Each structure stands twice: as structure tokens, then as C-alpha cells.
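Structure at a glance
Residues per chain are reported as follows:
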Amino acid sequence: MKILAIETSCDETAIALVEAKEGLSSSTSSGLRFKILKNLVASQIKVHQPFGGIVPNLAKREHLKNLPILFKKIAVNGHAINPDIVAVTVGPGLEPCLWTGINFTKELYKKSKIIGVSHLEGHLYSFLISKRKIEFPAISLLVSGGHTILLLMKDLNHYKKLGETRDDAVGEAFDKVGRLLGLPYPAGPIIEKFAKKGNPEAVNFPRPMINQKNYDFSFSGLKTAVFYYLKNQEERFLADIAASFQAAAFDVLISKTLRAAQEYGVKSISISGGVAANKTLQKQFKLRIKNLKLKIDFLAPPKFLCTDNAAMIAVAGYINYLKEKKRRLTANGNLSI
Ligand code: KG4
Ligand code: ZN
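Residues numbered from 1 in each chain as written. Chains lettered and ligands numbered in written order. Predicted model: local features only at pLDDT ≥ 70, side-chain atom pairs only at ≥ 80, totals over all residues. Heavy atoms only, no water.

1. Re the site of ligand 1
By nearness alone, 19 residues border ligand 1, and G145, D175, E192, G274 and N278 come closest of all. Within the contact set of ligand 1, an oxygen atom lies 3.3 Å away from a side-chain nitrogen or oxygen of H123. The contact in question runs from an oxygen atom of ligand 1 to an N or O atom on the backbone of G188, over 3.1 Å. With the chains in place, 91% of the 550 Å² that ligand 1 exposes on its own is no longer accessible. Of all the secondary-structure elements, those providing two or more residues to the shell around ligand 1 are α4 (119–124), α5 (170–180) and α6 (188–196). (Near = heavy atom within 4 Å. Polar contact = N/O pair within 3.5 Å; in protein donor to acceptor, adjacent residues only side chain to side chain. Areas by Shrake-Rupley, 256 points an atom, 1.4 Å probe, with all protein chains shown as cover. Helix = DSSP H or I, 4+ residues; strand = E, 2+ residues; numbered from the N terminus.)

2. Describing the coordination of the zinc ion (ligand 2)
Every protein donor of the zinc ion (ligand 2) is accounted for by H119 (NE2), H123 (NE2) and D308 (OD), and the metal-donor separations fall at 2.0 to 2.1 Å. Mapping the donors of the zinc ion (ligand 2) onto the primary sequence yields the spacing H-x3-H-x184-D. Within this pair, H119 and its partner H123 are both found in helix α4, separated by four residues, close to a single helical turn. An identical accessibility class is assigned to H119 and H123; each is buried. (Donors = N, O, S within 2.8 Å, 3.2 Å for Na, K, Ca; no water. Buried < 20%, exposed > 50% of the residue type's maximum accessible area, 1.4 Å probe, protein only.)

3. Observations concerning the sheet that holds strand β5 (residues 114–118)
In spatial order, the strands read β3-β2-β1-β4-β5; together these five strands make up an open sheet with mixed pairing. Looking at the sheet topology across the chains shown, the edges are occupied by β3 (33–43) and β5. Put simply, the sheet's adjacent strands are angled 20° from each other on average, direction ignored. Note: strand β1 (residues 2–7) against strand β2 (residues 12–21), six bridges, orientation antiparallel. Across the sheet, E7 pairs through a bridge with A14, a residue of β2. Along the sheet face, helix α2 (residues 56–74) touches β1, β2 and β3 and points at about 35° away from the line of β2. Against the sheet, helix α3 (residues 95–108) engages β1, β4 (85–91) and β5, with an angle of about 160° to β4. (Pairing = 2+ DSSP bridges. Axes fitted to C-alpha atoms, helices over the stretch in contact; angles between N-to-C directions. Contact = heavy atoms within 4.5 Å.)

4. Considerations on the packing of aromatic side chains
Under the criterion given, the structure shown has 10 aromatic pairs. Measuring from centroid to centroid gives 5.1 Å for F227 and Y228, while their planes differ by 80°, and the two rings are edge-to-face. Owing to a relative accessible area of 37%, F227 belongs among the partly exposed residues under this scheme. Assessed through its relative accessible area of 43%, Y228 is described here as partly exposed. In this structure an aromatic cluster arises from ring pairing among F34, Y318 and Y321. Geometry around F217 places K256 over its ring, the cationic atom sitting 5.8 Å from the centre. (Phe/Tyr/Trp six-rings, centres within 6.5 Å; stacked < 30°, edge-to-face > 60°. Lys NZ or Arg CZ within 6 Å of the ring centre and 35° of its normal.)

5. Some thoughts on the side chain of H63
Tracing the sequence through the fold places H63 in helix α2. A relative accessible area of 0% places H63 in the buried class. A polar contact of 3.4 Å, which involves the side chain of H63, links it to the backbone oxygen of T8. If near-sequence neighbours (up to four positions away) are discounted, H63 is found in contact with T8, C10, D11, E12, T13, Q44, P68, C97 and T100.

6. Considerations on the sheet that holds strand β6 (residues 138–143)
One open sheet accounts for five strands, arranged β8-β7-β6-β9-β10; its pairing is mixed. The strands lining the two open edges of the sheet, one partner per strand, are β8 (159–164) and β10 (297–299). For this sheet the average axis-to-axis angle between neighbouring strands, irrespective of direction, equals 20°. Summarising the sheet, β6 and strand β7 (residues 148–153) pair through six bridges and their orientation is antiparallel. Bridging across to β7, S140 finds its partner in L151.

7. What to know about the pairing of strand β9 (residues 268–272)
Put simply, side chains in a regular strand alternate between the two faces of the sheet. Burial of β9 is extensive: five of the five residues sit out of reach of the surface. Here β9 shows two buried faces, one formed by S268, S270 and S272 and the other by I269 and I271. Inspection of the sheet shows β6 paired to β9 by five bridges, in the parallel sense. Across the sheet, residue I139 finds its bridge partner in β9, namely I269.

8. A look at the domain arrangement of the protein chain
Taken domain by domain, the protein chain comprises domain 1 (2–126 + 306–332) and domain 2 (136–266). The C-alpha-based centres of domain 1 and domain 2 are spaced at 27 Å. Across the contact, 21 residues belong to domain 1 and 15 residues belong to domain 2. Taking both partners together, domain 1 and domain 2 bury about 1,500 Å²; carbon and sulfur atoms supply 66% of that area. Put simply, domain 1 and domain 2 have zero salt bridges between them. There are five residue pairs in polar contact (both at pLDDT 80 or more) connecting domain 1 and domain 2. Listed by contribution, the elements that provide at least two residues to the side of domain 1 that touches domain 2 are α4 and α11 (311–331). Element by element, the count of residues in the side of domain 1 that touches domain 2 is highest for α4, at four residues. Taken together, the residues of the side of domain 1 that touches domain 2 break down into nine nonpolar, eight polar and four charged. (Domains from an automatic or database assignment. Buried area = accessible area lost by both parts, 1.4 Å probe. Salt bridge = Lys/Arg side-chain N within 4 Å of Asp/Glu carboxyl O. Nonpolar A, V, L, I, M, F, W, Y, C, P; charged D, E, K, R; others polar.)

Here it is in C-alpha cells:
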């Protein structure tokens, strides 16, 4: 079954064509196989960089310009492809951007083929594209520019939110601290690079909410702590500040995720979203799982599937399609899919 997916929720215009094989197994993802046939992303970073963040109307203009270009590139021998399912991101995201993608999709395909997909479910299910299977229950940490959410997954179909950020998302904190340090948007990958050369213990930045029993997060205080540190410090070592900020942010993310993993006795931890592309975060997770002698599998998608893309929207679209199919069959008294 071929799925065409369109993603325009923020500052990346993305179209993908993904092939899905076999049905849905409820306890592991082993019954599912995805093959990316095409995965095109037109980045708008250069357009927004002079403004230090995303300008929604500029993003919409770029989506309008880029969608037909990408769609033409995905065509086979000049013919528009005829997928079995069409998936489009319907939220959360920037309203004018989302509608650009939705209207473009509606003009091209009949309503019956279109499945609306949550951008967050796209990130959540992105691990499915890599070939490995996941053992449930699992804890999923979604860390992007707009969200920081901790979820408990009973299986592929059932998950619940354990906690989320009460203010800034962790990616947003990276971008805001980057601005304080005079770095261009998006600052996450640049801070990661600087941090590699710095001492993570140079500045003892706060670890907000790390000892609170709940699974919520808060990153705006950490950003403010960097602001005051820079204000009061004459000598500034960019690499040390980057490393110390990153260490504080990751300490909270990892500590709370591991505590949830132990409390719920999970077999796997999966991370997703732009910040999940950070190799130091991935290494720290693996190290702390090992040090605690936990028998937990750790999954992080490859970098191109962490940041916004349409392949993950195709996967989430297919899962929604299977869920709907199962619901209809169950309603008819037939439980097998
Ligand atoms: O998932 P994503 O592409 O878009 C949203 O859905 O928000 O995430 C973008 C965010 C930005 O805040 C960016 O600074 C951050 O992810 N990011 C990183 C890294 N790569 C991207 N943060 C830390 N380290 C990275 N290597
Ligand atoms: Zn995203």
C-alpha cells in the first residue's frame, strides 16, 4: 500500500511517498514494515534566519511556492502518482501553514482518500521507519521546537500523556539561548557542536523540576539563568556555556524519562523530534540506562527522521488508517484485521 504524505505545519515543506507492508501487531511493531520511496524536504531556514525565528506569513508564502515544486518532483515520469492513501498534517502547528497544506491536498485528491494526521503522532511513530521492532510497554519522549511531552505507550494503538512542559519546549529553549549567545536560528545543532568542545560542569545551571514527582518539565527558568549568567560575567566561554546549558536541559529530560521508565516497568524508551537528533542526548541516555543496569532498549530515529519530514506523517497516516479499519470491522462483529 502506497501512502503519499504532505507536511506544512511549521517551516519545512515536505512531501513523501512511503510503502507500507502487512498489518498491525498490537504487542510489538514487528508486523509493520515501511519503505521510504521518496522523502523531500524544502527547508525555509534561510528565509527565517534574519528574523531569529519563524515568521508565519513568510512560512505560508514559502509553502505555497514549494508545494507544487516538490509535488512535481515526486511524480513518476511526469505523471502524478495515484497513492492508496493520502495523509496530511492537520495540527498542531501554525494555522496559515497547516491550511496551505490541507487545501493543496484537497485540490489534488478526493476527500475519501485523505487522512488528517497529528504532527505529534508523526514524531511519536517515526521510530517505526527504522527496521527495528519495539517491545511494549514503552516510554516515548517527544522533544521538538514546539513540544516536550512524555508518553507511556501500552502498545501502538494506546498511549497516554504522563507530562509535558509548562512553558518553553526544550528546542525553543535551545533556540532562545542561541539568540542570547548570538547564534543563528535554529540554534540546537550549533549549540550541540559548541558543547562538544566545552566543559558541561563549568557553570552549574539549574535543573528545573528535576526532583518533582510529576512528569512535567519547565525550561524558561533555565533560559533566564543563562541570561543572568551572561549579564554578570565579563569573560564568556561560549563552548562552556553551551555545554553547561545542554547538560542541565538533558539531565532533566533523562532523569524524568528514566524515572517514568522504572515506575511503569517499560521494555523500551523511544525519543523523537528535532532535539532527539542530538548525539550527546542519545549517548547520555544509553550511558545512564547502562549505569543503572536497566534492561531497556533505547531507540532514536536517524537525524533526517527526527527533524520535521513527511515520511513520519505517512507512517502515522497508515496507523490511523489501520485503526479506523479495525474499528469498522469490530463494529461489524469481525475482530480480525
Ligand atoms: O521537530 P522539529 O524539526 O520541529 C518542530 O516540530 O518543532 O524540531 C526543531 C527544533 C529546533 O528548536 C531546533 O533547534 C532543535 O529542534 N534541534 C536540536 C538539534 N537539531 C534540531 N536541538 C538540539 N540539538 C540538535 N542537534
Ligand atoms: Zn516537529
